[in-house]
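# Chain and residue survey
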Amino acid sequence: MSPTARRPRHNPIADDGDALHFCSTCAFSDACLSQGYNKSDLMDLHVLVEHVGPFHEGEHIFREGDEFNAIAAVRAGTVKTYVLDATGHEQVLGFHLPGEIIGLNAISQSRYPCNAVALDTVMLCRFSFPKMALLATRMPGLQAQLFRLLSQDIGKAALLAGDYSADQRMAAFLVALSRRFAQRGFSGTRLHLTMTRTDIANYLRLAPETVSRVLRRLQEEGMVKVDRRELEIIDRDRLEALAMAVLRN
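Per an unreviewed UniProt entry, the protein chain goes by CRP-like protein Clp and derives from Arenimonas donghaensis DSM 18148 = HO3-R19. Per UniProt, the comment on the protein chain under Subunit (unreviewed entry) is "Homodimer." As its UniProt record puts it under Subcellular location (unreviewed entry), the protein chain is described as follows: "Cytoplasm".

### Re the overall build of the protein chain
Scanning the protein chain from terminus to terminus reveals eight helices and 11 strands. The burial tally for the protein chain puts 47% of its 249 residues in the buried class. Pairs at least 24 residues apart make up 72% of the contacts formed inside the protein chain by residues separated by at least 6 positions. As displayed, the protein chain has an accessible area near 12,400 Å², and 51% of this comes from carbon and sulfur atoms.

### Examining the sheet that holds strand 2 (residues 60-62)
The sheet built from four strands is open, its strands ordered 2-7-4-5 with antiparallel pairing. Looking at the sheet topology across the chains shown, the edges are occupied by strand 2 and strand 5 (90-96). Across the sheet, the axes of successive neighbouring strands diverge by a mean angle of 30°, strand direction being ignored.

### Description of the nonpolar core
In terms of nonpolar packing, the biggest core is built from 36 residues, with M170, F173, L174, I200, L218, L231 and L239 touching the most fellow members. Mapped by element, the contributors of at least two residues to this core are strand 5, helix 5 (166-183), helix 6 (197-204), helix 7 (208-220), strand 11 (230-233) and helix 8 (236-247). Inspection of this core shows a minimum of three residues originating in each of domain 1 (28-157) and domain 2 (166-244). Beyond its immediate sequence surroundings of up to four residues, F173 is in contact with F95, M195, I200, Y203 and L204. One finds F55, F62, I71 and M132 within the second-largest nonpolar core, a separate group that totals 31 residues.

### Describing the environment of R179
Assignment of secondary structure puts R179 in helix 5. Distance in space between the C-alpha atoms of R179 and T189 is 9.1 Å, their sequence separation being 10 residues.

### Quick look at the side chain of S187
Mapped onto the secondary structure, S187 falls in the loop between helix 5 and strand 9 (190-192). Looking at S187, its side chain comes within polar contact range of the main-chain nitrogen of T189, at 3.1 Å.

### Observations concerning the confidence of the model for the protein chain
Across the protein chain, the average pLDDT comes to 82, with 76% of residues at 70 or higher. Looking across the protein chain, the model is least confident in helix 1 (residues 29-34), with a mean pLDDT of 51, and most confident in strand 7 (residues 115-118), with 98. Segment residues 1-15: pLDDT under 50, and 40 contacts once partners within four positions in sequence are set aside and those in other chains are kept.

### A closer look at the pairing of strand 3 (residues 70-76)
In terms of residue burial, strand 3 counts as a mostly covered element, since seven of its seven residues are buried. Inspection of the sheet shows strand 3 paired to strand 8 (residues 122-128) by six bridges, in the antiparallel sense. By the bridge assignment for strand 8, I71 is matched with F127. Both strand 3 and strand 6 (residues 101-102) contribute to a ladder of two bridges, which runs antiparallel. Residue A73 lies in a different strand from strand 6, and its bridge partner there is I101.

### Looking at the packing of helix 5 against helix 7
At a minimum axis separation of 10 Å, helix 5 and helix 7 run at an interaxial angle of 75°. On the basis of their axis angle, the class for helix 5 and helix 7 is roughly perpendicular. Residues A166, D167, M170 and L174 of helix 5 pack against T210, V211, V214, L215, R217 and L218 of helix 7. For the contact of helix 5 with helix 7, the class distribution of residues is seven nonpolar, one polar and two charged.

### Describing helix 6
The element helix 6 is largely enclosed, with a buried count of six among its eight residues. Taken together, the buried positions of helix 6 are occupied by D199, I200, A201, N202, Y203 and L204. Remark: R205 follows helix 6 within two positions and exhibits a positive phi of approximately 60°.

Cut-offs used in this document
Residues numbered from 1 in each chain as written. Predicted model: local features only at pLDDT ≥ 70, side-chain atom pairs only at ≥ 80, totals over all residues. Heavy atoms only, no water. UniProt positions renumbered as here; feature names shortened; annotations may be inferred. Helix = DSSP H or I, 4+ residues; strand = E, 2+ residues; numbered from the N terminus. Buried < 20%, exposed > 50% of the residue type's maximum accessible area, 1.4 Å probe, protein only. Contact = heavy atoms within 4.5 Å. Areas by Shrake-Rupley, 256 points an atom, 1.4 Å probe, with all protein chains shown as cover. Pairing = 2+ DSSP bridges. Axes fitted to C-alpha atoms, helices over the stretch in contact; angles between N-to-C directions. Core = buried A, V, L, I, M, F, W, Y, C linked by side-chain atoms within 4.5 Å. Domains from an automatic or database assignment. Polar contact = N/O pair within 3.5 Å; in protein donor to acceptor, adjacent residues only side chain to side chain. pLDDT = per-residue confidence, 0-100. Parallel < 35°, antiparallel > 145°, perpendicular 65-115°, else oblique. Nonpolar A, V, L, I, M, F, W, Y, C, P; charged D, E, K, R; others polar.

Here it is, written out as structure tokens:
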């Protein structure tokens, strides 16, 4: 099956490539290929990679305060990151899809500043960060990719900090999710929402009933079609126009 034919449902998983080619969702393949390296040239990097999992729904990958020594790329499933506030209430920080990296925000303190939990069956590629940082000194492209990933992580955290309406927040969430799936070769139109309405509401800083009401309104206006956790984008142009103030593009 071609990458464009894959659908982000039933726990999509990256292929493992072969002796020369990287996994289809590898977060570092572009950086390596741009420097003229293929998989056989990067035995040092290959040694750094450890396939781990499965982590089942509700199982923690790491917890706030754990010692940091590796970053991980999601191969399959969805990972939620969150913190607990002073009263013990959960604050969702983000959702990480196949091909995306978790653990970047632990670099400065050498400890994970949040919790990461599997929302469904999750598989990971774990990279030794000290060894990767050393390798990056010999590979400018890999170093630049680490900086890009850090920048994207900061951008996601700031995405919903403004004073936006509930409709704008939800539209931005769906458009951004769609784009992220499409960038990794999955469908950007038919989305399987592994996160609950409560998790989405928490992330968007909205009430759960508001999320349900907004989704119902977007469906009534013909922008999306919703069937429990299956969502199809029907009118991308109107949805992107609604999200533009948040996403800036």
